[in-house]
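Structural features, examined
Next come the chains, spelled out residue by residue.
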Amino acid sequence: MYVAVKGGERAIDNAHDWLAEERRGDTSIAELSIAQIREQLSLAVNRVMAEGSLYDPDLAALAIKQSRGDLIEAIFLIRAYRTTLPRIGHSTPVDTGAMACDRRISATFKDAPGGQVLGPTFDYTHRLLDFKLAAEGEVPEAATGEAQERDMPRITDFLNREGLIQDEVRSDETPPDMTRQPMDYPANRALRLQALTRGDEGFVLGMAYSTQRGYGRNHPFVGELRIGTVAVEMDIPELGFAIDIGEITLTECETVNQFMGSKTEPPQFTRGYGLTFGQTERKAISMALVDRALRWKELGEDNEGAPAQDEEFVLSHADNIQATGFLEHIKLPHYVDFQSELELIRKVRAEAMAHQHKEAAE
Amino acid sequence: MTPEQTNTPARQRWMSTLAKAAPAQLHALCDGLDEWPAHTWLRPPEVGGVMVRGRAGGTGAPFNLGEMTVTRCALRLPCGTVGHGYVQGRDKAHAERAALIDALMQTDRAGAIRAAILTPLEEAAQTARATRAAKAAATKVDFFTMVRGED
């Protein structure tokens, strides 16, 4: 147990001043601006927005600067800020089918209508350090092509036409909100998706990887991965109509999973779903795999006892702010606690020693 | 009185354009405009969060994806016209300009405001969108599946 302690104010103030100085680093090197972080470390910004659960690139960039690049610390800052915001309302569900795609690929259909669009990807790079980046220089302009003015159809719609894939039942039910009420188990899929999309990328990746290695295997294909912008629409109560209140970048991943059927479901493909803020595709794919693994009960699959099938285990350990809060608190003063432990161990030890002496004497 | 005064779809469009505008561009365009009417606040600019929702599988049941920052305000012109601003981000001046333009678009200055502000904003958004779409189109590929020789 942590017990409040007094004193140390001067040391704490001095530590914070030194922290500020270390954050700035060598003053002969130019200082980073928020705009530079937002534009040039955009994938870090995207991760902080996704796990901070707040879409605001400037705030995420500020948090990264303040945290010296410690992304979990930055996410912590964003979560803390988020709690101070009055809730204006909620959007209508975003229409990812109408996304203006920067990237859209399918691992299942090479001739997908709308085409395979690679976008600004690290895929197919050689992962060799590029020393040209160490020198300042102009970047060649990206090539352009003839764009088609039409929405990209969903890949899963093709399978759906043949009835080969489990259908997503559209509803307008109000989803539970874990930022408003404590987590409740068993969770429904809406609550699981909310917890996963703000969950730690490393943790969700590890869980997803475990399903690929056989702990709750579900044979995923990336049916479709798309990254791009969507409009966010909200009903304005005082006006009686809806307007777009903004535009955000999202990553969406739909997996198509082999499914041989169960007691309740016919053989068909099933789905896993990932949707995340920003360009965060590793996270979106991981989310889709874990979403699928957690659906074992509704699909009538066997519980193999795999960690990724245990929703309470997955959801209650996915949040890096809860995790780091509990983990890091053990470094704070526990003097009173420890004092009692110390007394206990002295007592038990003394008894044990006395017993040994006695035995040796006999 | 303009035809746009009672036209809800038109008002939805211009409010949406203002919400998504780059604050710096809106600021620059507004600087070019000479006369700004006085106004009284019905709701001074307020920064808040809107919970963005998605759908499971893209088309199924809604779930909460995460919040975004939004700034809103409402004001009244001396003539009594009310303007609302709902904009992405935390820029209070952006929300104020959006509300003023929303109000003016309901007055006889609508034509001038559309030409000076809304049209350039829409064009900028269209250009930005087309530029990205063209770059994406250049990365479109055809994968060839190698014949394995089974048949």
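Structure's up top.
To keep things clear, this report deals only with the structure shown in the data block. No experiment lies behind these values; they were computed from the predicted model shown. (Residues numbered from 1 in each chain as written. Chains lettered and ligands numbered in written order. Predicted model: local features only at pLDDT ≥ 70, side-chain atom pairs only at ≥ 80, totals over all residues. Heavy atoms only, no water.)

1. A short note on the overall build of chain B
Stated precisely, the cut-off is as follows: Helix numbering and strand numbering both begin at the N terminus, where a helix is a DSSP run of H or I of at least 4 residues and a strand a DSSP run of E of at least 2. Each residue is placed in one exposure class: buried if its accessible area under a 1.4 Å probe, protein chains only, is under 20% of its type's maximum, exposed if it is over 50%, and partly exposed if it falls in between. Any two residues whose heavy atoms approach within 4.5 Å at even a single point are treated as in contact. Under the convention used here, a 1.4 Å probe and the Shrake-Rupley method define accessible areas, while residue burial counts only the protein chains that appear.
Regarding its fold elements, chain B presents four helices and four strands. Secondary structure elements in chain B, listed N-terminal to C-terminal, are α-α-β-β-β-α-α-β. Per-residue burial over chain B gives 47% buried out of 151 residues. Residue pairs in contact within chain B that sit at least 24 positions apart in sequence constitute 55% of those at least 6 positions apart. Summed over all atoms, the accessible surface of chain B reaches about 7,100 Å², with 54% contributed by carbon and sulfur.

2. Topic: the nonpolar core
For soluble globular proteins, nonpolar side chains are generally found buried alongside one another. Basically, it comes down to this: Side-chain atoms within 4.5 Å are what join buried Ala, Val, Leu, Ile, Met, Phe, Trp, Tyr and Cys residues into a set we call a nonpolar core. Domain delimitation follows an automatic or database domain assignment.
Residues I245, I248 and L250 of chain A together with M68 of chain B are the most contacted members of the largest nonpolar core, which totals 89 residues. Among the elements that make up this core, the one with the highest residue count is helix α3 (residues 92-104) of chain B (seven residues). The residue makeup of this core includes at least three contributed by each of domain 1 (9-82) and domain 2 (96-119 + 151-168 + 177-324) of chain A. When near neighbours in sequence (up to four residues on either side) are disregarded, L250 of chain A contacts V94, T96, M99, R226, I227, G228, V230, L275, T276, F277 and G278 of chain A together with L65 of chain B. I105, L118, L225 and A288 of chain A belong to the second largest nonpolar core, which has six residues in total.

3. With respect to unusual backbone geometry
All names here are of chain A. Residue P186 follows Y185 across a cis peptide bond; omega there is 0°. Here P186 lies in the loop between α6 (155-161) and α7 (189-197). Positive phi values are uncommon outside glycine, yet Y124 reaches one of about 70°. When you line up the elements, Y124 lands in the loop between β4 (116-117) and α6. Residue Y124 is classed as exposed on the basis of its relative accessible area, which comes to 56%. Look at H219: it is not a glycine, yet its phi comes out positive at around 45°.

4. Concerning the packing of helix α1 (residues 8-20) of chain B against helix α4 (residues 110-137) of chain B
Residue and element names in this part refer to chain B. In plain terms, the rule: The angle between two axes is taken between their N-to-C directions and runs from 0 to 180 degrees, where each axis is a line fitted to C-alpha atoms and a helix contributes only its stretch in contact. For classification purposes, angles smaller than 35 degrees are called roughly parallel, those larger than 145 roughly antiparallel, those between 65 and 115 roughly perpendicular, and all remaining angles oblique. With the far helix as reference, a near helix turned anticlockwise by less than a right angle produces a left-handed crossing, and one turned clockwise produces a right-handed crossing. Gly is placed with the polar residues, together with every amino acid not listed as nonpolar (Ala, Val, Leu, Ile, Met, Phe, Trp, Tyr, Cys and Pro) or charged (Asp, Glu, Lys and Arg).
Relative orientation of the contacting elements α1 and α4 amounts to 65°, with a least axis distance of 10 Å. Here α1 is positioned roughly perpendicular relative to α4, judged by the angle of their axes. α4 is crossed by α1, and the crossing has left-handed handedness. Residues W14, T17 and L18 of α1 form the contact with α4, whose own contacting residues are R114, L118, L121 and E122. Its residues assigned to classes, the contact of α1 with α4 shows four nonpolar, one polar and two charged.

5. Some words on the interface of chain A and chain B
Where we set the bar: Accessible area that two parts lose when put together, with a 1.4 Å probe and added across both, is what the buried area reports. Salt bridges are counted wherever a side-chain nitrogen of Lys or Arg sits within 4 Å of a carboxyl oxygen of Asp or Glu.
On the side of chain B, 53 residues touch chain A, which itself brings 76 residues to the contact. Interface area, chain A with chain B, both sides summed: about 5,700 Å², of which 59% is carbon and sulfur. It is I88, F241 and I245 of chain A in chain A that bury the most area against chain B; as a group they hold 11% of the surface buried on that side. Counting the contacts that link chain A with chain B gives seven salt bridges. A salt bridge links R43 of chain B to E238 of chain A; its shortest N-O distance comes to 2.6 Å.

6. So, the environment of S316 of chain A
All names here are of chain A. Rule in force here: Each polar contact in these results corresponds to two N or O atoms within 3.5 Å; when the atoms are within protein, one needs to be able to donate a hydrogen and the other to accept it, and residues that are neighboring in sequence are counted only if both atoms are side-chain atoms.
Examined against the element boundaries, S316 turns out to sit in helix α10 (residues 311-317). Residues S316 and A195, 121 residues apart in the sequence, show an inter-C-alpha distance of 8.7 Å. What S316 contacts, discounting residues up to four positions off in sequence, is Y185, E311 and Q322. A polar atom in the side chain of S316 sits 2.2 Å from the backbone oxygen of E312.

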